[in-house]
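What the coordinates show
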Amino acid sequence: MRAALFVTCLVDLMRPRIGFAALELLEAAGCEVVVPATQTCCGQPAWNSGDHCAAVTLAKKVIAEFEGYDYVVAPSGSCADHIRNEYPKILAAEPEWLARAVTLSGQVFELTDFLVNVVKLERVPGHFAGSVTYHDSCTGLRSLGIKAQPRALLAQLPGVELKEMRAAEDCCGFGGAFSIKFGAVSAAIAERKCNNAVATEADAIVGGDLGCLLNIEGKLRRLGDDRTPVLHIAEVLTAK
Amino acid sequence: MESRSRQFKANTLAALSNPGLQQNMRQAKGKFVDKRAKSIRELDDFDGTRTAAAAIRNRVLDNLDLWLEKFEASASARGATVLWAKDADEICRHVVDIARRHEVKKTVKSKSMLSEEAGLNLALEAAGIQPVETDLGEYILQINNNEAPSHIIAPVVHKSLDEVADLFEKVHGTPRKTEITALTREAREVLRSHFLTADMGISGGNFLVAETGSVALVTNEGNGRMVTTLPRVHVVITGIEKVIPTLEDLSTLMRLLPRSATGQSISNYVSVLTGTQAAGDLDGPEHLYYILVDNGRADLIGSEFQDMLRCIRCGACMNHCPVYQTIGGHAYGWVYPGPMGAVLTPLYTGLENALDLPHAATLCNQCGVVCPVKIPLPELLRKLREKQVERGLRPQGERRAFKFWARLAASPTLYALAAWFGVRYLKQLAGGRKTITSFSLVPEWMLGRDFPAPEGKTFRELYAERGEKK
Amino acid sequence: MTTRDDILGRVRARLNRTDANAATGRIAIDTLLVARPQGPRPQVDPEKSALVARLIEKSLAQSSTVDRVATLAEAPAAVAKYLRDNSLPLQAVIWPQMGQLDWLAAGVAVAARGAVDADLVGITGCFCAIAETGTLMLCGAPDAPASVSLLPETHIAIVPASRIVPGMEDGFALARAELGQLPRAINFISGPSRTGDIEQTIVLGAHGPYRVHLILLEGQ
């Protein structure tokens, strides 16, 4: 089974180790993993900021790079959703591209969803000891139904205790460009998220979307917490 | 109502630095969200009911002209006068004309957001007619120098008990009361005398039933009933989109509206009012007027924003919105706050007058999943952003930044080059620490957060290096 | 051009209205108004004792109180007992249609008319009651004025068990069948009036009654 890894631009730039962790997980699940070398960004920032034209260009680029594999997997609910559910809208006016977008749409998965529901991974390769609290990122949760999947994977690590935070499903306030347009509001929302997470006294805050994690980490550090790690689920599942 | 949506950004900062408001908003959030969650569990098929409700609303909107004609005919047949208003001025003109025709000195009002759109109270006062708001929340706002509501169903959600206590002491000249029950009784007594002496009642309309020519009014306090039972004249001001076909449809919608709004299985009073006082009736108005209002609605029909007209004004979207919960309703600057307001305000007051609102959302879709009529609010916000771009309404700098990013992302070589420099620059900026604490490129981010440092190389670089080693 | 023509004209233009599709649209509307499809409804057991039980349960949840007697003739004594138990005046305004009962014997002084501000207790019947939510459905009429359930601080409603229906749809069906056209005012009442406007804390007795008391006639 050939799975193409869509690393996502944020992971590429900020946290390559998440990309490698995803790679390891896919290989552990028995996939032949391909990493298309020219990949950049799925175009979600353009689409969400109202730039239809740029969104079309980037959608076509991703489709051309990623079609033809059995699956496309991204360590992000937000990017996976963009490819799965938005590309067909973005390319609605071009029948040929629309057809290609629809085909790709059926093949793209968020990482934990893929591991649990497609390849049914039963033994994650990592060893992580300690308690974690899990933040449900909005797009993954509400558009792709990512809720049980990361928890099922965490449950495979015998040393992990999951401590649910209050309002785990509440937005962390990131919102992409929102966080740099309305920084004060965004940070205030992030503070509520951090407080709820910290209140669990978990050893680590874990999530599945790097945007949210950077937001939470940035707020946490500003609040003076230099200690609590903020980790992507792939990092936890592959921890050594 | 004059829009202050242009000052959105400044409004948010004021809201964030208002500890009282922050405290009040924190308190309200839990109550609204928890109560709703509990009450929707009473329905065997909540989602199916939402689908049915959306279909009811779509059925009318897809043939709105015909349904309006049907409603008009049914209502007229029962003795109501149906008037039409294109904008705020025409609403006010109609109401003042009606008041003069029937020699009205005082009018009692139950809550109507359209009357806020119209700025009706000021127009009535200018015409020498006394308007009295009778919803407790709206009354509190009126006696506080006509303050604007901050929520469509809980107008004073931004105020604390203490603030209300101070206000009543000052305005009523009575000893200060600190119990909510005592304050409510005081308002009841003041307002009771107004109900008994008003010549005209003004209400909104939750739904207009085409089948019977009725208006359905939903209230908890009973002021809606007072306003439509006691005075000689009743004026209903409502949007043209509020028509529904049948009483069966009303029954379906009533399973959703109170649950979504306040988490009640049913509101205390649901009144279905049809026509004027009949022969022998001991109460009810002798004259009934409907003012059917456009004010921007007609132009949404058949547009990509038509879905917004399904809205039944429950307020669930704002109750669940992380942004609304953080800044309250006043910051939005016009009549409707929260996600539905962020869509309606630019559509009704002009895209250029509310540029920030469609962007003031994380697109978390909490609003979309709670909406009882399945309005895709995040998608509508995104479309409004697209309209702004199409019409050249975004700031130059922002456009350039996005264009630059899009160009980079479209070219793997350029992207790799920029990424190579970028991550190294940021790593250096962090100077060995986990986060960057000063970063002038994203000042808004830095307002309340550090910027986590990148690892220093990109995944693509490292992956390529790994390949070479192998 | 009138405002009406302007508004409807723009709606028509946006919907690509033609004479032909208007004609088919009107037929579709008339068909729908006859068919009156219903949405999904929560299950409510339509068996009489189940309806009674549910109405009681839901009424209590709405902060109403409920008393049960067998027949209409027993209602005045039950009203008197409720008023005494709650230290309320034995004096009430009452729907003219209920005025013929023997209130004198029960010791309650009733005035059959519309309510005024000074009335502290109002006694009504009901058109029917809705078990799903614990709701009274009152239809206004010359002998059933709306003000009686509204102005007094205490509202007592007499509810025959045979008039309990599962849902709002059934109440409307009954109104169509028995009344023909709708009365000027149908009021669905679910418990005492309330407000949550101050700090979202629910307080009973906003503008309408502080107390709603149902007297359920189990044999009628």
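Residues numbered from 1 in each chain as written. Chains lettered and ligands numbered in written order. Predicted model: local features only at pLDDT ≥ 70, side-chain atom pairs only at ≥ 80, totals over all residues. Heavy atoms only, no water.

Structural notes on the overall build of chain A
Quick note on the threshold: Numbered from the N terminus, helices here are DSSP runs of H or I no shorter than four residues, and strands are runs of E no shorter than two. We compute the radius of gyration over the C-alpha atoms and compare it with the globule rule, which gives 2.2 Å times the number of residues raised to the power 0.38. A 1.4 Å probe rolled over the protein chains alone gives each residue an accessible area, and that area as a share of the maximum for its type sets the label: buried under 20%, exposed over 50%, partly exposed in between. Whether two residues touch is decided by their heavy atoms; if any such pair falls within 4.5 Å, the residues are in contact. Shrake-Rupley sampling with a 1.4 Å probe provides the accessible areas, and residues are treated as covered by the protein chains on show and by no other component. We treat Lys and Arg as the positive residues and Asp and Glu as the negative residues; His and chain ends play no part in the count. The atoms used to mark charge sites are NZ of Lys, CZ of Arg, CG of Asp and CD of Glu.
Scanning chain A for helices and strands turns up 13 helices and 8 strands. Its C-alpha atoms give chain A a radius of gyration of 17 Å, near enough to 18 Å, the size a compact globule of 240 residues would have. Along the first, second and third principal axes, the C-alpha atoms of chain A reach 50 × 40 × 25 Å. Counting across all 240 residues of chain A, residues that qualify as buried make up 66%. Within chain A, residue pairs in contact and separated by at least 24 positions form 78% of the contacts whose partners lie at least 6 positions apart. Surface summary for chain A: the accessible area is close to 8100 Å², and the carbon and sulfur share equals 54%. With 23 positive and 28 negative side-chain charges, chain A shows a spacing of 4 Å between the two charge centroids.

Re the sheet that holds strand β3 (residues 109–112) of chain C
Residues and elements named next belong to chain C. Note the following rule: Strands were regarded as paired on the criterion that DSSP finds at least two bridges between them. An axis is simply a line fitted to the C-alpha atoms; with a helix, the fit covers only the stretch in contact. Between two such axes, the angle follows the N-to-C directions and lies from 0 to 180 degrees.
Strand order in the open sheet formed by 6 strands is β1-β12-β7-β4-β2-β3, and the pairing between neighbours is parallel. Every other strand in the sheet has two partners, leaving β1 (65–69) and β3 as the edge strands with one partner each. On average, each strand axis in the sheet is inclined to that of its neighbour by 25°, with strand direction left out of account. Sheet contacts for helix α3 (residues 48–61): β1, β7 (154–160) and β12 (211–217); angle to β1, the most-contacted strand, approximately 150°.

Considering the packing of helix α5 (residues 77–90) of chain A against helix α6 (residues 95–105) of chain A
Residues and elements named next belong to chain A. As a reminder of what qualifies: An angle below 35 degrees is treated as roughly parallel, one above 145 as roughly antiparallel, one from 65 to 115 as roughly perpendicular, and anything else as oblique. When the near helix sits turned anticlockwise from the far one by under a right angle, the crossing is termed left-handed; a clockwise turn instead gives a right-handed crossing. The classification used treats Ala, Val, Leu, Ile, Met, Phe, Trp, Tyr, Cys and Pro as nonpolar, Asp, Glu, Lys and Arg as charged, and all other residues, Gly among them, as polar.
Axis separation between α5 and α6 bottoms out at 8 Å; the angle between their running directions is 165°. Here α6 runs roughly antiparallel to α5, going by the angle between their axes. In the packing of α5 onto α6, the handedness of the crossing is left-handed. Counting all contacts with α5, which are made through I83, R84, Y87 and P88, the residues of α6 involved are L98, A101, V102, L104 and S105. Across the contact of α5 with α6, the residue classes break down as 7 nonpolar, 1 polar and 1 charged.

Remarks on the packing of helix α4 (residues 64–77) of chain B against helix α2 (residues 19–35) of chain C
Viewed as axis vectors pointing N to C, α4 of chain B and α2 of chain C meet at an angle of 55°, and their least axial separation amounts to 10 Å. By the angle class used here, α4 of chain B and α2 of chain C are oblique. Where α4 of chain B crosses over α2 of chain C, the two elements pack in a sense that is right-handed. Here L66, W67, E69 and K70 of chain B of α4 of chain B come into contact with α2 of chain C, specifically with A22, G25, R26, I29, D30, L32 and L33 of chain C. Considered class by class, the residues forming the contact of α4 of chain B with α2 of chain C number 6 nonpolar, 1 polar and 4 charged.

So, the interface of chain C and chain B
We count it as follows: Accessible surface is computed with a 1.4 Å probe, and the buried area is the amount of it that two parts give up when combined, taken over both parts together. Basic side-chain nitrogens of Lys or Arg form a salt bridge, by our definition, when they fall within 4 Å of a carboxyl oxygen of Asp or Glu. The term polar contact refers here to a pair of N or O atoms within 3.5 Å; inside protein, the definition further demands a hydrogen-donor-capable atom paired with an acceptor-capable atom, and it admits residues adjacent in sequence only when both atoms are side-chain atoms.
Chain C puts 74 residues into the contact, and the matching count from chain B is 104 residues. Across the chain C to chain B interface the summed buried area is about 7500 Å²; carbon plus sulfur atoms make up 55%. Contact with chain B buries area across many residues of chain C, yet R184, I198 and H207 of chain C alone supply 13% of it, more than any other trio. Our enumeration of links across chain C and chain B arrives at 16 salt bridges. The residue E153 of chain C makes a salt bridge to R185 of chain B at a minimum N-O spacing of 3.6 Å. Run the count over chain C and chain B and you get 49 residue pairs in polar contact (both at pLDDT 80 or more).

Observations concerning the side chain of D294 of chain B
Assignment of secondary structure puts D294 of chain B in the loop between β10 (287–293) and α13 (316–319). A distance of 2.9 Å separates the side chain of D294 of chain B from the backbone nitrogen of A298 of chain B, its partner in a polar contact. If near-sequence neighbours (up to four positions away) are discounted, D294 of chain B is found in contact with A85, K86 and I240 of chain B together with I7 and R10 of chain C.

Looking at the sheet that holds strand β5 (residues 128–130) of chain C
Strand order in the open sheet formed by 8 strands is β8(B)-β5(B)-β6(B)-β9(B)-β9(C)-β6(C)-β5(C)-β8(C), and the pairing between neighbours is mixed. The sheet is open, and its two borders are formed by β8 (243–244) of chain B together with β8 (164–165) of chain C, each paired with just one other strand. Where β5 of chain C lies against β8 of chain C, 2 bridges are found, and the strand directions are parallel. Each residue of the ladder has a partner; that of I130 of chain C, found in β8 of chain C, is V165 of chain C. The sheet contacts of helix α6 (residues 168–179) of chain C involve β9 (269–273) of chain B together with β5, β6 (135–139), β8 and β9 (185–189) of chain C, and relative to β6 of chain C the element is tilted by about 20°.

Digging into the packing of aromatic side chains
Quick reminder of the rule: Only Phe, Tyr and Trp rings are paired, with Trp represented by its six-membered ring, and only when their centres lie within 6.5 Å; those with planes under 30 degrees apart are stacked, over 60 edge-to-face, the remainder tilted. We count a charge as sitting over a ring when the NZ of a lysine or the CZ of an arginine lies within 6 Å of the ring centre and within 35 degrees of the ring normal.
What the rule picks out here adds up to 19 aromatic pairs over all chains. Look at F20 of chain A and F459 of chain B: their rings are 4.6 Å apart centre to centre, the planes differ by 40°, and that puts the pair in the tilted class. Taken together, the residues span two chains, with F20 of chain A in helix α2 (residues 16–28) and F459 of chain B in helix α21 (residues 459–469). Taken as a pair, F20 of chain A and F459 of chain B share a single burial class, namely buried. Taken together, a centroid distance of 5.2 Å and an interplanar angle of 75° make the contact between F439 of chain B and F451 of chain B edge-to-face. Note that F439 of chain B is positioned in the loop between β11 (435–436) and α20 (443–448) and F451 of chain B in strand β12 (residues 451–452), a separation of 12 residues in sequence. Note on F439 of chain B: relative accessible area 9%, which makes it buried. Ring pairing ties together the aromatic residues F178 and F182 of chain A together with F8, Y324 and Y332 of chain B, which thus form one cluster. The lysine or arginine in question, R313 of chain B, covers the ring of Y336 of chain B, its NZ or CZ lying 4.7 Å from the ring centre.

Some points on the interface of chain B and chain A
Counting residues at the interface gives 62 residues for chain B and 62 residues for chain A. Together, the buried faces of chain B and chain A total about 5400 Å²; carbon and sulfur atoms form 61% of this surface. Connecting chain B to chain A are 6 salt bridges. Residue E455 of chain B pairs with R17 of chain A through a salt bridge whose shortest N-O separation is 3.4 Å. Examining the composition of the side of chain B that touches chain A, we find that 8 residues originate from one element, helix α18 (residues 396–410) of chain B, more than from any other. Per-class residue counts for the side of chain B that touches chain A are 32 nonpolar, 11 polar and 19 charged.

Here's the deal with the pairing of β12 of chain C
Where a strand is regular, its side chains alternate between the two sheet faces. Residue and element names in this part refer to chain C. Most of β12 is tucked away, with 6 of its 7 residues classed as buried. In the sheet, β1 pairs with β12 via 5 bridges, with the strands oriented parallel. In the sheet register, V66 faces β12, and the bridge partner there is L214. As paired strands, β7 and β12 are joined by 7 bridges and run parallel to one another. Bridge pairing in β12 places P160 opposite L217.

Remarks on the domain arrangement of chain A
Residues and elements named next belong to chain A. Threshold: What counts as a domain boundary in this text is fixed by an automatic or database domain assignment.
Assigned domains within chain A: domain 1 (2–118) and domain 2 (130–237). Taking only C-alpha atoms into account, the centre of domain 1 sits 22 Å from that of domain 2. Counting residues at the interface gives 24 residues for domain 1, matched by 20 residues for domain 2. Together, the buried faces of domain 1 and domain 2 total about 1800 Å²; carbon and sulfur atoms form 71% of this surface. On inspection of domain 1 and its partner domain 2, the count reaches 2 salt bridges. Taking the shortest distance from any N to any O, the salt bridge between E217 and R15 comes out at 3.3 Å. Applying the counting criterion to the domain 1 and domain 2 interface returns 7 residue pairs in polar contact (both at pLDDT 80 or more). Grouping the constituent residues of the side of domain 1 that touches domain 2 by class yields 12 nonpolar, 6 polar and 6 charged.

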